[in-house]
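This is what each chain is made of:
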Amino acid sequence: WAEGAGERRGTRDTPFGPLTEHDVPVDIIVTPTRIIRVSDPLPKPSGVYWDLLSPQKLAQIKVLRELKKKLEEELGEELPSGPEEVLPPIAERGGRGRGGGRGRGGRGRGRGRSGRSGGRG
């Protein structure tokens, strides 16, 4: 865990790149053939780091927007925000509004009501 003097944030190098304060490390890795338990788990974040969460990212995560609003009302003060950033474009959702359909298969896949495979039932 490398940390600069007077800074609360640090990074830890992993085989997959640096792990920063807001990253959530795993304790178990599951593959099709193995379950690997991490022998020396890394510490987990202790909460939401509002000063790292940009207004653009916050706008995309409804539950965090609601939590921040509730906390600000309870505390009577504004919580910090992270720096502005330009986010990559996100994919458009298809289908009928939010969620867009019936799971992975969607309409016309699998078994219909009649039990015939692949058709509309």
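Below or above, wherever it landed, is the structure these notes cover. (Residues numbered from 1 in each chain as written. Predicted model: local features only at pLDDT ≥ 70, side-chain atom pairs only at ≥ 80, totals over all residues. Heavy atoms only, no water.)

**Section: the overall build of the chain**
Phase 1 of the analysis: For the chain, the count of helices and strands is 2 helices and 5 strands.
Phase 2 of the analysis: Shown N-terminal to C-terminal, the secondary structure of the chain runs as helices and strands in the order β-β-β-β-β-α-α.
Phase 3 of the analysis: Looking at the chain residue by residue over its 121 residues, the buried ones come to 12%.
Phase 4 of the analysis: By sequence separation, contacts in the chain at least 24 residues apart represent 33% of the contacts at least 6 residues apart. (Helix = DSSP H or I, 4+ residues; strand = E, 2+ residues; numbered from the N terminus. Buried < 20%, exposed > 50% of the residue type's maximum accessible area, 1.4 Å probe, protein only. Contact = heavy atoms within 4.5 Å.)

**A few points about the pattern of salt bridges**
Phase 1 of the analysis: In total, this model carries 2 salt bridges according to the counting rule given.
Phase 2 of the analysis: When the shortest N-O distance is used, the salt bridge between Lys 44 and Asp 27 registers 2.7 Å. With Lys 44 in the loop between strand S5 (35–37) and helix H1 (55–60) and Asp 27 in the loop between strand S3 (17–20) and strand S4 (28–30), this pair connects stretches of sequence that are 17 residues apart.
Phase 3 of the analysis: In this structure Lys 44 comes out as partly exposed when scored by relative accessible area, which is 39%.
Phase 4 of the analysis: A relative accessible area of 35% means that Asp 27 is categorised as partly exposed.
Phase 5 of the analysis: With a closest N to O distance of 3.9 Å, Glu 66 and Lys 62 form a salt bridge. You can see Glu 66 and its partner Lys 62 sitting in helix H2 (residues 62–75), 4 residues apart, about one turn around the helix. (Salt bridge = Lys/Arg side-chain N within 4 Å of Asp/Glu carboxyl O.)

**Brief notes about the nonpolar core**
Phase 1 of the analysis: Among the nonpolar cores identified, the biggest contains 5 residues, and these are Trp 50, Leu 53, Leu 58, Leu 64 and Leu 79.
Phase 2 of the analysis: Setting aside residues up to four positions removed in sequence, Leu 79 forms contacts with Trp 50, Lys 68, Leu 71 and Glu 72. (Core = buried A, V, L, I, M, F, W, Y, C linked by side-chain atoms within 4.5 Å.)

**Some details on the side chain of Lys 68**
Phase 1 of the analysis: Among the secondary structure elements, Lys 68 is positioned in helix H2.
Phase 2 of the analysis: Buried within the structure, Lys 68 lacks any salt-bridge partner; Glu 72 is the closest side chain of opposite charge, at an N-O distance of 4.2 Å.
Phase 3 of the analysis: Setting aside residues no more than four positions away along its own chain, Lys 68 makes contact with Trp 50, Leu 58, Leu 79, Pro 80 and Ser 81. (Lys, Arg positive; Asp, Glu negative; His and termini not counted.)

**Some words on a nonpolar patch on the surface**
Phase 1 of the analysis: On the surface, a cluster of nonpolar side chains totalling about 300 Å² of accessible area is made up of Ile 28, Val 30 and Ile 35.
Phase 2 of the analysis: Examined against the element boundaries, Val 30 turns out to sit in strand S4. (Patch = residues over 30% accessible without salt bridge, like charges linked within 9 Å, V, L, I, M, F, W, Y side chains within 5 Å. Areas by Shrake-Rupley, 256 points an atom, 1.4 Å probe, with all protein chains shown as cover.)

Treat this as a map of the structure, not an account of what it does.
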